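Given next are the chains, with one letter for each unit.
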Amino acid sequence: MKLATFTLNGGSAKLGIVDTGRDLITDVTGALPRDADFASMQALIEAGPAALERLRTFDAAGETAHQHPFGDIRLLAPVPRPIQMRDGMTFPLHIRQGLRGLQALGAANEEESRRILASDLPPLPEIYTKTPVWYFTNHLCVSGPGTEITWPAFSQRRDFELELGVFTWQTAADIPVEKAADHIFGYTIFNDFSARDRQSVEMPGMLGPGKGKSFDKSNIIGPWIVTPDEIGDPYALKTQAIVDGESWAAGDTSGMLYSFEELIAYLSQSETIHAGEFIGSGTVENGCGLEMNRYLDKGAKIRLEIERIGALECSIAP
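Keep in mind that what you see is a predicted model, and the values were worked out from it rather than measured. (Residues numbered from 1 in each chain as written. Predicted model: local features only at pLDDT ≥ 70, side-chain atom pairs only at ≥ 80, totals over all residues. Heavy atoms only, no water.)

J.: Got a minute to help me understand the pattern of salt bridges in this structure?
T.: Two side chains bearing opposite charge may form a pair once their charged atoms approach each other closely. Applying the stated criterion across every chain, the model contains 18 salt bridges. We note a salt bridge from glutamate 230 to lysine 2, for which the minimum N-O separation is 3.1 Å. Taken as a pair, glutamate 230 in helix 8 (residues 228-231) and lysine 2 in strand 1 (residues 2-8) lie far apart in primary sequence, 228 residues in all. Glutamate 230 gets classed as partly exposed once you look at its relative accessible area, which sits at 31%. For aspartate 229, the salt bridge goes to arginine 56, with nearest N and O atoms at 3.1 Å. Pair noted here: aspartate 229 is in helix 8 and arginine 56 is in helix 3 (residues 49-56), with a separation of 173 residues, a long-range link. Via salt bridges that share partners, Asp159, Glu161, Asp192, Arg196 and Lys213 belong to a single interconnected network. (Salt bridge = Lys/Arg side-chain N within 4 Å of Asp/Glu carboxyl O. Helix = DSSP H or I, 4+ residues; strand = E, 2+ residues; numbered from the N terminus. Buried < 20%, exposed > 50% of the residue type's maximum accessible area, 1.4 Å probe, protein only.)

Next up, the structure:
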């Protein structure tokens, strides 16, 4: 199933079943107003597998009175305010190219920057093969498809990041890796916008990217959540980043140093993972401008695609 959160005519947020073949969404909240499990995406996630199975028996095609064309609705982030957000670093080529890109941004002058960019890629730091590396990101800065971001005045190096993401369910701690797949509610696309010039200043402090990634609307999630049965192998999905109609990069989700199952098992060690948390894969290989020394202009329109999920579109204000 493809499940979305949307509004109609500026009303309250609703849970919907998406029909991409007909460009329709069925308002489940409106059709079943007395069922609290379908009041929102978070409510459905917290209600667990039994509620999802009940939703599978819901006759979305027969609910013509509650069907709406895509053009009549506004999609929000699937979970507009996740209870927690964590983002990983799991794609080795991105890590290596990103490290070189940040070094170039921190260069003393253009000549040194060009020299760094022309040099061989640095080796993958050993820490990434020893343990999963991740950070908390701001769950209060989430926005959805179609968002126009006013870029922060402190940055001139505007960048996107193409990531695969999951939402968790079935609250638990100390989850064994062989059972971690049962804790993945579904998959979505994540655009982790980054102010690269600020990030390059902050990262030597060794406490995370800070303002390099934390500003209003900077965490774009969507367009919907796709349940695992429709994804197949999540580690073999084609990806593409398109900026102003031009394909900047194409790749896939293979080669993660740690799978989502391994990330969930690691994160849950002596720590409860709650229903409705978001976990990002980290940027896919060649999935951002930093790796190509190429940055977004004001007014840029960004489209991020992941096979079997769809496309997440947003823009930078002119």
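Having seen the model, we can carry on.
J.: Help me understand the pairing of strand 15 (residues 238-243) in this model?
T.: Consecutive side chains along a regular strand alternate between the two faces of the sheet. Judged from the 6 bridges that link them, strand 15 and strand 16 (residues 246-252) form a sheet pairing that is antiparallel. Bridge pairing in strand 16 places glutamine 240 opposite alanine 250. In this structure, strand 15 lies alongside strand 18 (residues 301-306), joined through 5 bridges in antiparallel fashion. From the neighbouring strand, threonine 239 faces strand 18, where its bridge partner is isoleucine 306. (Pairing = 2+ DSSP bridges.)

J.: Can you walk me through the packing of aromatic side chains in this structure?
T.: Counted by the stated rule, this structure contains 10 aromatic pairs. Each ring, one from phenylalanine 70 and one from tryptophan 224, has its centre 6.0 Å from the other, and the planes form 40°; the classification is tilted. Linking phenylalanine 70 in the loop between strand 4 (67-69) and strand 5 (73-75) with tryptophan 224 in strand 14 (residues 219-226), this pair joins segments that are 154 residues apart in sequence. In this structure phenylalanine 70 comes out as partly exposed when scored by relative accessible area, which is 25%. (Phe/Tyr/Trp six-rings, centres within 6.5 Å; stacked < 30°, edge-to-face > 60°.)

J.: I'm lost on the nonpolar core in this one. Help?
T.: What tends to happen in soluble globular proteins is that the nonpolar side chains get buried as a cluster. Ranked by size, the top nonpolar core spans 47 residues in total, and within it Phe160, Tyr187, Phe193, Phe260, Leu296, Ile302 and Ile309 carry the most contacts. The contact partners of phenylalanine 260, leaving out residues within four places of it in the chain, are Leu164, Gly165, Val166, Ile184, Tyr187, Tyr235, Ile279, Gly280 and Ser281. Grouped together as the second largest cluster of nonpolar side chains are 27 residues, Val28, Phe38, Ile225 and Phe278 included. (Core = buried A, V, L, I, M, F, W, Y, C linked by side-chain atoms within 4.5 Å. Contact = heavy atoms within 4.5 Å.)

J.: I'm lost on the pairing of strand 14 in this one. Help?
T.: Of all 8 residues making up strand 14, 8 are buried, and the element is well covered by its neighbours. Both strand 1 and strand 14 contribute to a ladder of 2 bridges, which runs antiparallel. By the bridge assignment for strand 14, leucine 3 is matched with isoleucine 225. Strand direction decides the pairing type here: strand 8 (residues 142-143) and strand 14, joined by 2 bridges, are parallel. Across the sheet, the residue bridging to valine 142 is asparagine 219, located in strand 14.

J.: Looking at this model, I keep getting lost on the sheet that holds strand 19 (residues 310-316). Mind explaining?
T.: Paired through backbone hydrogen bonds, the strands of a sheet run either parallel or antiparallel to each other. Taken together, the 5 strands give an open sheet; going across it, the order is 9-19-18-15-16, and neighbouring strands pair in mixed fashion. Of all strands in the sheet, those with a lone pairing partner are strand 9 (148-149) and strand 16, marking the two edges.

J.: Would you take a moment to explain the side chain of serine 281 for this structure?
T.: With respect to the helices and strands, serine 281 occurs in the loop between strand 17 (277-280) and strand 18. Contact partners of serine 281, with chain neighbours within four places excluded, come to Asp87, Gly88, Met89, Thr90, Phe91, Glu163, Leu164, Met256 and Phe260.

Everything listed here is a matter of coordinates, which is why it stays silent on function.
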